[in-house]
Amino acid sequence: MLSPVAFRSLSSARSSLRLAALRAPRTTPLLPLRPLSSASTRQSFAPLSPLGVDAALEAASNSVSTPRVKIFDEFALTDRVALISGANRGLGLEMALAFCEAGARVTYCLDLPAAPSAEWRASADFVARLGNGSRLEYVRADVRDQAALWRIGEDIAAREGRMDVCVANAGVARGHTDCLEYPAEQFEGVLDINTNGVLYTAQAAGRQMARFGTPGSIILIASMSGSITNKNHAWVSYNTSKSAVLQMARSMACELGPKRIRVNSLSPGYIYTTLTAATLDKQPEMLAKWSAQNPLGRLGRPDELRGVVTWLASDASSYCTGSDIRVDGGHTSW
């Protein structure tokens, strides 16, 4: 590994060479667009190289009149295989649809019902009509069953020959119970889905990513840095489960980084979904209260997670791991 001083010297030298190349007469060929040491070559290589300034220098060197736009290729999920839990409807289904639009070969949607919802069937038909070769597949699964999830991951990888993306999205929220009176069974039930189920889902996909040895992206769904409140109460089981997910993502990122598997958490704010509707429809005053708790003054839409989750799944976020990405309208800024 290069020392900080050597790295700065290398960067300065490369910048000087680039500047000299640009100032040289057009008849003088530009210097090779590669780092100055084998260590740098290994560290800086990107599948779509050259990108950015390197692409501009190469175009100048080769007198390319119409350079190729690559930014959209960086966000593309062409031929990727994805697995998303809790994807029968709501945020999970939105993410699955986004992946297919980005070119994923197939997105497997795991959820508890024996048959998919009308929303899922409409989305699957929509994907089929995109004409880009993508498809949605529905698989009944209970995220509390570790062995079953591992088998599902193995079956998918055997069928598709790869595993690239995982979103552990399945979760539940229960009505408030005083923290001093919270029943063990209720508390354990929430953690069994929101925490254990997230780990088991990540394991199911991560084991196959490691098996195939290709870069992978695992995204764990948390919530506003693990916090949600209702009136004067904090939902102790939900908050505990989601806070655990935040640390789970960081710990898994550290352990799986050497295997080229990135792990990040995504923390949505107050978004109107089937889950939050259970509270908002019964307590209309909460809509105004929750909306007032962020600078944008409104709840989020499920489709407003499409961009960020696609970014996390794609090569565009290739240096992002162990991070928590908040999409909360600025809620945690106050």
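My aim in this report is to walk through the structure given alongside it, one point at a time. Keep in mind that what you see is a predicted model, and the values were worked out from it rather than measured. (Residues numbered from 1 in each chain as written. Predicted model: local features only at pLDDT ≥ 70, side-chain atom pairs only at ≥ 80, totals over all residues. Heavy atoms only, no water.)

1. Concerning the sheet that holds strand 9 (residues 324-327)
The strand order 3-2-1-4-5-8-9 describes an open sheet built from seven strands, whose pairing is parallel. Of all strands in the sheet, those bounded by a partner on one side alone are strand 3 (135-140) and strand 9. For this sheet, the mean angle separating the axes of adjacent strands, direction not counted, is 20 degrees. Inspection of the sheet shows strand 1 (residues 81-85) paired to strand 2 (residues 106-111) by five bridges, in the parallel sense. Looking across to strand 2, one finds that A82 is bridged to T107. Its contacts with the sheet place helix 12 (residues 306-313) against strand 4 (165-168), strand 5 (216-221), strand 8 (261-268) and strand 9, and it is angled at close to 170 degrees to strand 8. (Pairing = 2+ DSSP bridges. Helix = DSSP H or I, 4+ residues; strand = E, 2+ residues; numbered from the N terminus. Axes fitted to C-alpha atoms, helices over the stretch in contact; angles between N-to-C directions. Contact = heavy atoms within 4.5 Å.)

2. A few points about the layout of surface pockets
In this model, the second largest pocket occupies a volume close to 1,000 Å³. Every residue lining the second largest pocket is counted, 42 residues in all, and those nearest its centre are A170, G171, V172, A173 and L275. When contributions to the lining of the second largest pocket are tallied by element, the ones reaching two or more residues are helix 5 (90-101), strand 2, helix 9 (236-256) and helix 10 (274-280). Residue contributions to the lining of the second largest pocket peak at five residues, all from helix 10. (1 Å grid on protein atoms, 1.4 Å probe; cavity = no way out; pocket = protein on both sides within 12 Å on 5 of 7 lines; lining within 4 Å. Points joined across faces, edges and corners; volume = space filled by probe spheres on them.)

3. Things to note about the nonpolar core
As a rule of thumb, soluble globular proteins bury nonpolar side chains together. Core analysis: the largest hydrophobic core is formed by 35 residues, its most contacted members being L110, L149, I218, L220 and V263. Taken together, the elements giving at least two residues each to this core come down to strand 1, strand 2, helix 7 (146-160), strand 4, helix 8 (184-212), strand 5, helix 9 and strand 8. Leaving out residues up to four positions away in the same chain, L220 has contacts with A168, V198, A202, V245, M248, A249, M252, V263, N264, S265 and L266. In terms of nonpolar packing, the next biggest core, distinct from the first, is built from 32 residues, L77, F99, W120 and L136 among them. (Core = buried A, V, L, I, M, F, W, Y, C linked by side-chain atoms within 4.5 Å. Buried < 20%, exposed > 50% of the residue type's maximum accessible area, 1.4 Å probe, protein only.)

4. Observations regarding the packing of helix 8 against helix 9
Their axes nearest at 8 Å, the elements helix 8 and helix 9 cross at an angle of 20 degrees. Relative to helix 9, helix 8 is oriented roughly parallel. For the crossing formed where helix 8 meets helix 9, the hand is right-handed. Side by side, helix 8 and helix 9 meet where F187, V190, L191, N194, T195, V198, L199 and A202 of the first sit next to V236, S237, Y238, T240, S241, K242, A244, V245, M248 and M252 of the second. In terms of residue class, the contact of helix 8 with helix 9 is made up of twelve nonpolar, five polar and one charged. (Parallel < 35°, antiparallel > 145°, perpendicular 65-115°, else oblique. Left-handed = near helix turned anticlockwise from the far one by under 90°. Nonpolar A, V, L, I, M, F, W, Y, C, P; charged D, E, K, R; others polar.)

5. Some remarks on the pattern of salt bridges
By the definition in use, this model includes 17 salt bridges. Here R135 makes a salt bridge to E160, at a shortest N to O gap of 2.5 Å. Of the two residues, R135 sits in strand 3 while E160 sits in helix 7, which places them 25 residues apart along the sequence. On the basis of relative accessibility, which here comes to 10%, the residue E160 falls in the buried class. When salt bridges with common partners are traced through the structure, they connect D79, R105, R135, E137, E160, R162 and D164 into a single cluster. (Salt bridge = Lys/Arg side-chain N within 4 Å of Asp/Glu carboxyl O.)

6. Thoughts on the state of the cysteines
Per the counting criterion, the structure on display carries zero disulfides. Cysteine C100 shares no disulfide, and the gap to the nearest cysteine sulfur, in C109, comes to 7.3 Å. (Disulfide = S-S within 2.5 Å.)

7. Things to note about helix 8
Taking 1.5 Å of rise per residue, 29 residues should cover 42 Å, and helix 8 covers 40 Å from first to last C-alpha, within 8% of that figure. Of all the bends in helix 8, the greatest measures close to 40 degrees and is centred on D192. In the stretch just after helix 8, G213 is the one whose phi turns positive, near 70 degrees. (Expected span 1.5 Å × (residues − 1). Bend = angle between axes of the 7 residues up to and from the residue.)

8. Comments concerning the environment of W120
Tracing the chain through its elements places W120 in helix 6 (residues 118-128). A relative accessible area of 8% means that W120 is categorised as buried. With 33 residues separating them in the primary sequence, W120 and A87 have C-alpha atoms 8.2 Å apart. Discounting chain neighbours no more than four positions away, the residues touching W120 are A87, N88, L93, C109, L136, E137 and Y138.

9. Considerations on the side chain of T273
Note on placement: T273 falls in the loop between strand 8 and helix 10. Not counting residues up to four positions away in its chain, the partners in contact with T273 are L91 and P302.

10. A closer look at the side chain of T195
Relative to the helices and strands, T195 resides in helix 8. Excluding its chain neighbours within four sequence positions, the residues that come into contact with T195 are V190, S241, A244 and M248.

11. Things to note about the pairing of strand 1
Of all five residues in strand 1, five are buried, a share of seventy percent or more. Neither face of strand 1 is exposed, since V81, L83 and S85 on one face and A82 and I84 on the opposite face are all buried. Once the chain exits strand 1 it traverses helix 5 before rejoining the sheet at strand 2, and the crossover so formed is right-handed. Of the pairings in the sheet, the one linking strand 1 to strand 4 comprises three bridges and is parallel in character. Note on strand 4: the bridge partner recorded for I84 is V167. (Right-handed = clockwise from strand over helix to strand, strands pointing away.)

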